Amino acid sequence: MFPTKLIRIFLLPLTLIPTLFLYSCSEQPPPFTCTDSIGCVTIAPEEPLKIGVLQALSGDVALLGEAQLNGMQLALDKRGSTLLGHTISLQIEDTGCTPEGGANTALKLIADPQTIAIFGSTCSGAAATASQTMSAAGLTMISGNNSAPFLTSIAGKAAPNWQSGYFRTASNEENAGKVAAEYVFKQLGLQKAATIHDNDIYTRGLTDSFQKAYTNLGGQIVLDTAINKGETEMAPVLAAVVNSGAELLFFPLFQPEGNHILLQARTQQALKDILFIGGGALIQKSFLDETGELAKGMFFVGPSSPKTAEAAQLANSYETTFNEQPTVDYYLSGYDAVDLLFYAIEQTMVREEDGTLHLGRQALRDTLYSITDFKGVTGMINCNQFGDCALSAFDILRLDQPTSGLKGLQSNVVFSYVLEN
Amino acid sequence: MNIFKQKWNKLGITGKFSLAFALMLVFMLLISVTSYCSFLYIGNARQIIWKSSTIGQLVLEMDRGLEKARRLHGSFFIQYEQIGLQAAHETYAQPSVREIAKVISLSRELKKLISSSNSDNRVKINPTDINLYLSSAERFAETSIEAVELISLRAAPKRGVEAKLQTVFLTLERTLQPLPEIWPTFMQGYSLYKDYLANRQRFIMQSTLNIFDKLPSLVTTTTSIGDESKTSITTLLATSRKLTEELLAIDLAIKSKLRDFSLQEQTVSPLSKKLHQITQKEIKQARDQVGHIYRLTIAIMLFITFLAACAVLFIAWVMHNSVTKNVIKLTNAAEAFNEDNLNARVHSCSQDELGQLGIIFNKMAERLKDLVENLEKKVTKRTAELSASEQRFRLLVNNLPKIAVQGYDIERKVIYWNRASETLYGFSTSEAMGKRVEEIIIPAPMRETLITEIQNWFDNDIAIPASEMILQDKDGGEVPVYTSHVMLTDIHGERVIYTVDIGLTELKLAQEEGRKNQLFYRQLFSHSSSGVAVFETVADGRDFIFKDINKAGEAISKVKRDDLLGKSVIESFPSIEKIGLLDVYRQVWQTGVAQHHPASFYQDDRQQAWREYRVYKLPSGEIVVLYDDITNQKQAEIEKNSLEQRLLRAQKMEAIGLLAGGVAHDLNNILSGVVGYPELLLAELPKDSALRPPLEATKEAGERATAVVADLLTVARGIANTKEPGDLSTLTREYLNSPEFIKLQSQKSQIHFREHLASTLPLISCSPVHVKKCIMNLVQNGSEAIEKEGSVTLTTTTRIPDAKWLQKHGLPPKEYVILSVSDTGMGIQDKDLEHIFEPFYTKKVMGNLSGTGLGLSIVWNTMQDHQGAVIVSRTESATTFELYFPATREITAANKPIGHHTEEQGNGEKILVVDDEPQLRDLAKSMLTLLGYNVTCQDSGENALAYLQSQQVDLVLLDMLMEPGINGRETYERMLEIHPGQKAIIASGLSESDDVKAAQTMGAGGFIQKPYSIKQLGKSVKKVLRN
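Residues numbered from 1 in each chain as written. Chains lettered and ligands numbered in written order. Predicted model: local features only at pLDDT ≥ 70, side-chain atom pairs only at ≥ 80, totals over all residues. Heavy atoms only, no water.

### Focus: helix α6 (residues 183-199) of chain B
Residue and element names in this part refer to chain B.
Then, number 1: Relative to the 24 Å expected for 17 residues at 1.5 Å per residue, α6 spans 24 Å between its end C-alpha atoms, a close match to the ideal helical length.
Then, number 2: Residues of α6 that are buried: Trp183, Thr185, Phe186, Gly189, Tyr190, Tyr193 and Tyr196. For α6, the buried positions fall inside an angular range of 160 degrees around the axis, keeping them on one side.
Then, number 3: Elements in contact with the buried residues of α6: α5 (161-176), α7 (202-221) and α8 (227-338). (Helix = DSSP H or I, 4+ residues; strand = E, 2+ residues; numbered from the N terminus. Expected span 1.5 Å × (residues − 1). Buried < 20%, exposed > 50% of the residue type's maximum accessible area, 1.4 Å probe, protein only. Arc of directions from axis to C-beta. Contact = heavy atoms within 4.5 Å.)

Given below as structure tokens:
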């Protein structure tokens, strides 16, 4: 210890001074100067690129979060888990699909000033709080699963929870409610509707957009109520549905609440004539497996399943990599989110000869906002000023044969809607 | 090893001590460096410990603060229902917020500390953890405040949602209780509400709402209540639904906050633990390092100390063997020697200073031994020598001439009386011995005083001072002496006084003589016609101060004696160094050898004069300078020199002139034929003759040659004897309008010719032709001196020069009209200046168009003929020739311009032509015959005289130089003897010479310069005949 310290104290300056002198005499490119309005991240040559990951990895929604992680893994595999010659370090946090979970996990990510971007989240509720924290810290966040209109735009205007630096490759489901309303009112001729949400901005956004479109079409919302996440007793709320005289129930809930609603409703005779329409969060194999035949005849509104060759190829890769079939399609938008993020980082990063990288935080956001015709597995990706990058394409699915599983459900499209950004 | 020992032995003590101390210093430095490094490193480690401790303390404080804030917050949730919201707020919520604010402050402080620590990379705490901790603390503050607000919204008395809902339900209860159709349903819903408040399960509240949703229809269908009550009940039910939904939202938010707190705790708790662990680890590591360094330092220092101790012992041993041991040897040897062991010696083996000391000691001991052994012999010898010396001294004192020595005992009796005393005072030794001093040589008036003084000396040791005294001799006569006294103790221990008297009689006489001498020399000094100055040397011979100066010196130097005394010679006469006199002073002062400083010109602000100096040194060291003013003498010499130079030049020019004249004479004789015969032939040839052109060319060539000869003759002087009044400006203008000047101007277009000619000038008596020739030569010379561009300026003016200038140039004092020709050419070098007026000198520099090399010689000669002078002056940019012509105010008949005559034709007058040159003789005859004269020729003076013995002629044309035989002057002289008043014209190739002048004085009426034209000859002949 002592000799080493001696060397450090006496000899190191003696060797460093001439080294620095020679270094200063040699021709060097001008040092990087950060001119970014919200700051820069500098990654040393041997340092990894740090990406934060916020996903719901516990509870019934964990399937959605894991699908996102799988999509990310496929995007990483595409690049050999390196970017610009640097390894990629992931800090994965579980949001629990709650706003408070989103807020607290986001804090963990922004605490590290080397974190350059966040991939997530699964649930829009968590995204609402996480994006607020992330945006204030100057980071960029991109989700492959959030679809709540509140996160980006509603009716062409910035939504209440819109945050600068937030992007998503999942479709804004503002139009999902509209599509459902048009279908039930125009196609099925149903005049009275009840809606149930769980106070999550995703479910609330869907029911709000449904109610607005439905009432505009001339329909009547006879019940607008909610349940709390984690509740299992659905009889009171189903009784309220019955009492309201509704002809259909629009309940775009997550699992397991959605499962409880359907299963308990099937036990009530008074509800046997009521049409049930769920949201995209229920277009999952687990829901179908749990509800089985009881879900027969139920409708679902959700993003259109990509039909591209790349999507099919990625599906094969998914099966090869994870040795199972995808349980939801959201891994595709998750893949696109990560791929798009990596592309934007590559385009924005300033690289020095020694491998040092400099990333302007606003520059990364600007790159993403300017993305047009990026070829994703879900189709061509174009990002608008609110961070919506996916096509607004939705299908109404009807479960006719529960035994046909998820693919059977996704293939039974009864109504489609596509809106270009 | 042996080599080392040899080198060590050869090394000096200083070297040995230096090596020893250097070695010890090395060890001291090693210990110091080790200590310094240790302290440095320990200081660093302590810094780490301090920082880690501070961080750890901060982490602990934060942890405790956060824990306390949580506890208080939890207590708020638990206690607000029991103690009331306000009290819970004050007791728990507000302290919680304060605690969390403190935690945030601590977090920021910690972040700053870690940021500064990370700069030296010593404290290994990840800033990310601190960021997260700080963010979590801030979030806890935010969410806890929001939670308290939500609780306030829910449970605040009166204004809280629960309170409002309770009021609504109580109102409904009172209103619906009398209505049995409605009351049970309401109570069922109200009961479920209370269940909800206990469990906060939403589906229970949903059941409540389901039930209350039925109430409006029941109220409507109930007939027992009025419409107003129905409306009131319906409103209350609507309010209750709204409040219920608000309560559900608040409860949902509170649940969310509680989950949030839980998540925060999950985040922060491990973080606190981690930070705490890291800081503890850092402290432990730093402490371990400090301990390690302490141990290592102690070990190293012990090792170095051990080495140093060994080195000190070794050095001590070496130094003892090398130094101390030898010192002891020396001491022992010295002690033995001191104890009379004269054989004691030192045996040293080293070669250092101690070894040398030992060798010296041994030599000294040997020497002392030798001295001691020979001391007795030497004492005896020395005693004998001393006795002899005393005897010599006694004899010396006794026989000292002029110095009288007497000895007196305490009773003033004479105990010693030398021969000089006998001589001085007249008492023999036998007469004086035993007598008291006052009885023999002290005059009566002094006796009492002297006795007292002698007694006082013996009694009180008050010595009698030396002084001059008048004592008396045996005869009572005065004896002036200089007397001095000394008291001695004799061999018996008795005190005696010896008096030494020096007779002053001779000295007084000598002083008188000296005074007389001084007076004599003072008189010499004062009345000397030469200046005499006496200087005292100061500044080690560099300067000299006036001690005295006589009256002649005052007059010569034009300065008062009192103004000079005590002054420095350099200060008073600053230029003496420049003329070299000061060096003479110094040399004389140094060598004592008198020097003569030759005549030199002294000049300063006060005076200018020529002086001559003689410098010598007095035995007393003073410097005496004798000097005379020789300014007048010098000026006379200068004038004499100037006169001599002018005379020399005149003689030189005259000699040259004679030479040129001789040449000219011969040439003229030749040219007379060349010019004359063609003229004769042309006069007789018809105008269309083919011979005319070649004859005319011959004549022109002859005339050009004549011009050259004319220059020569001008140089030979005498040509310009015919003078007429002229205006110098007019003559200059005439030259400037002449074809020669116009031609020169065209050839020298690069030269600018300027003229500044005075409009009114006094006339000068001059030969216009020669003056213009001078102008032409000067202008030509000036223009040829300019190589490229420049100017030649002609100026006329008048001036009366001062006497000094006139004297210098040998001109009489009068007014002069001056023509100056100035050019900006290359100038004249000093070596050329003395010779430029000599014929044919420096043709290249002073060349002229005529090519004769006589231009400036003509100028000089012309000015001599005009009793004027030519002065050459130069500046850096110009060379100026000034021609000084004496001005004339009178126009005499003789000076009137001669008019043009056309009466050359003769009338058969008889003319005798005498010339030794046959051609010239024939030519003259032909010309005169042509003019209508009767001409006879003779070839010599002798023949001419013979001819005249029998014949008379009206006129004789007489050549001046004829050889052999008598010349023209002598011939004419003899002619006059034969025919007094005989008219004659002297012809000569020379200009006017003394012989010509003599002939003219004798009566020869004219002079004609050879070669002459027929017209010139005709005019001269006609003129003489007419007179």
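### Focus: the sheet that holds strand β5 (residues 115-120) of chain A
Residue and element names in this part refer to chain A.
Then, number 1: The sheet built from six strands is open, its strands ordered β3-β4-β2-β5-β6-β9 with mixed pairing. Two strands close off the open sheet at either side, each with one partner strand: β3 (82-83) and β9 (166-168).
Then, number 2: In this sheet, strand β6 (residues 140-143) lies alongside β5 in parallel orientation, the contact comprising three bridges. From the neighbouring strand, Ala117 faces β6, where its bridge partner is Thr140.
Then, number 3: Here helix α2 (residues 62-78) sits on the sheet and contacts β2 (49-55), β4 (86-94) and β5; the angle it forms with β2, its principal contact strand, is near 155 degrees.
Then, number 4: Contacting β2, β5, β6 and β9, helix α4 (residues 124-136) crosses the sheet at an angle of about 155 degrees to β6. (Pairing = 2+ DSSP bridges. Axes fitted to C-alpha atoms, helices over the stretch in contact; angles between N-to-C directions.)

### Quick look at the pairing of strand β14 (residues 299-303) of chain A
All names here are of chain A.
Then, number 1: Of all five residues in β14, four are buried, a share of seventy percent or more.
Then, number 2: Here two bridges tie strand β13 (residues 275-278) to β14, and the two strands are oriented parallel to one another. By the bridge assignment, Gly278 is partnered in β14 with Phe300.
Then, number 3: At this point the chain moves from β13, through helix α9 (residues 285-291), to the parallel β14, and the crossover so formed is right-handed.
Then, number 4: Relative to strand β19 (residues 392-398), β14 is paired through five bridges, and the arrangement is antiparallel. Across the sheet, Val301 pairs through a bridge with Ile396, a residue of β19. (Right-handed = clockwise from strand over helix to strand, strands pointing away.)

### Remarks on the packing of aromatic side chains
All names here are of chain B.
Then, number 1: For the structure shown, the criterion picks out 41 aromatic pairs over all chains.
Then, number 2: A ring pair is formed by Phe535 and Phe546, whose centres lie 4.5 Å apart and whose planes are at 50 degrees; its orientation type is tilted. Of this pair, Phe535 sits in strand β6 (residues 531-538) while Phe546 is found in strand β7 (residues 543-549), placing the two residues eleven residues apart along the sequence.
Then, number 3: Taking the relative accessible area as the measure of exposure, Phe535 reaches 1% and is therefore buried.
Then, number 4: Phe546 gets classed as buried once you look at its relative accessible area, which sits at 4%.
Then, number 5: Between Phe535 and Tyr585, the ring centres sit 5.2 Å apart and the planes meet at 45 degrees, which makes this aromatic pair tilted. Of the two residues, Phe535 sits in strand β6 while Tyr585 sits in helix α18 (residues 581-591), which places them 50 residues apart along the sequence. Judged on exposure class, the residue Phe535 and its partner Tyr585 are both buried.
Then, number 6: Among the aromatic residues, those joined into a cluster by ring pairs are Phe169, Trp183, Phe186, Tyr190, Tyr193 and Phe212.
Then, number 7: Of note, Arg70 hangs over the ring of Phe140, and the distance from its end group to the ring centre comes to 5.6 Å.
Then, number 8: A cation sits over an aromatic face here: Lys634 above Trp610, 4.7 Å from the ring centre. (Phe/Tyr/Trp six-rings, centres within 6.5 Å; stacked < 30°, edge-to-face > 60°. Lys NZ or Arg CZ within 6 Å of the ring centre and 35° of its normal.)

### Side note on the confidence of the model for chain A
Then, number 1: Of the residues in chain A, 92% reach a pLDDT of 70 or more, and the chain-wide mean stands at 89.
Then, number 2: Note on residues 1-16 of chain A: pLDDT under 50 across the span, and 17 contacts to partners over four residues away in sequence or across chains. (pLDDT = per-residue confidence, 0-100.)

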